[in-house]
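The residues making up each chain are set out below.
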Amino acid sequence: MKITIPTNTAIINMLNAKNERIPSPTIIQITIETFVPKGIFWFGPGNLNDNILKNLIKDSVNQRMFSDVDNGTFLSGGIDSSTISLQLKEIDNHKMTAHNIFFKETDFNEYKDAKIVSDYLKIKLDYYEIPQEKNLVHDFPSLIDAMDQPMSDTSFIATYYLSKYSSAKSKVVLSGDGGDELFCGYDTYIADIYRKFFPKINLRSRFIKKIISKLFKTKFTKVGVDYKITKFLNALS
């Protein structure tokens, strides 16, 4: 694939106009006139022990932070963001701040976990509250405009405000995004292991689905129990 980029034209606008996306996985080389994928960058894990992994993460953080500005992290209290925060603290403790988005809804709020980690690491934690509904409606066009491409994951709302607020204090902010895919952190990966121990079932009948809906009422949570069970049973069918 080769795309010619006219001078002073945004790459993303050109891609949108042609209804094309950057192939994955590829490395790209960009000049004023050309936009050319340069090949596959996947590589195997090889012999990956704890020391090698720790050094890889440390080198990755070191390459992305800047010594002459205030660095920060998006800290949720999970393994990924906590690991990044630990590595950044060891490298740039005096200039780092952790940032967290605060939800009034308990099931969505991760502030307590982030506070436990920040206290343990002895780093400053700033938190910001998600705006009220009327403010969110007003800001929504800006949220969409800030996206590289459409996505169905509503986490982009929290990420937008967290980025907006934290940029006033930290000029470089690192996050743990991608860690769940790399280290199998999602419930989906755990469910896939359990799936091997269950027989296949037939869900063409609505009987099982009705039982699930009766036993587990849908709640306003991140991922409800009924949703997890239904998805799991669908995978068994």
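To be clear, the structure that these remarks concern was listed above.
Read on for an overview of the structure. By convention here, each chain's residues receive numbers from 1 onward along its written sequence. A pLDDT threshold of at least 70 governs which residues receive local features in this predicted model, and a stricter bar of 80 or more applies before side-chain atom pairs are shown or counted, although totals over entire chains, interfaces and linings include all residues. Excluded from the side-chain calculation are hydrogens and water; included are all heavy atoms of the structure.

## Details of the packing of aromatic side chains
Here is the rule: rings of Phe, Tyr and Trp (six-membered ring for Trp) pair when centre to centre is within 6.5 Å. Planes less than 30 degrees apart are stacked, more than 60 are edge-to-face, and the remainder are tilted. One pass over the structure, following the stated rule, counts 8 aromatic pairs. Centroid distance Tyr128 to Tyr165: 5.5 Å. Interplanar angle 40 degrees. Geometry classified as tilted. Here Tyr165 lies in helix H6 (residues 155-166) and Tyr128 lies in strand S6 (residues 124-129), a separation of 37 residues in the sequence. A residue is classified by how much of its surface remains accessible, and Tyr165, at 26% relative accessible area, is partly exposed. For the pair Tyr160 and Tyr161, a centre-to-centre distance of 5.2 Å together with 85 degrees between the ring planes defines the contact as edge-to-face. Think of it in three bands: residues with accessible area under 20% of the maximum for their type are buried, residues over 50% are exposed, and the middle band is partly exposed, with areas taken using a 1.4 Å probe on protein chains only. Residue classification places Tyr161 among the buried positions, given a relative accessible area of 0%. Grouping aromatic residues by their ring pairs yields a cluster made of Tyr128, Tyr160, Tyr161 and Tyr165. Per the convention used, a helix needs a DSSP run of H or I reaching at least four residues, while a strand needs a run of E reaching at least two, with both numbered from the N terminus.

## Quick notes on the nonpolar core
For soluble globular proteins, nonpolar side chains are generally found buried alongside one another. Residues belong to a common nonpolar core when they are buried Ala, Val, Leu, Ile, Met, Phe, Trp, Tyr or Cys residues joined through side-chain atoms within 4.5 Å. Core analysis: the largest hydrophobic core is formed by 16 residues, its most contacted members being Val61, Leu75 and Leu125. Counting residues per element, the ones that place at least two in this core are helix H2 (50-64), helix H3 (79-92), strand S5 (96-102), helix H4 (111-121) and strand S7 (172-174). Tallying contributions element by element places H4 first for this core, with 4 residues. Leu75 has contacts with Ser81, Ser82, Ser85, Ala98, His99, Asn100, Ala114, Val117, Ser118 and Leu125, leaving out every residue within four places of it along the chain. Grouped together as the second largest cluster of nonpolar side chains are 12 residues, Ile101, Phe103, Tyr128 and Ile157 included. Residues count as neighbours in contact if any of their non-hydrogen atoms are within 4.5 Å of one another.

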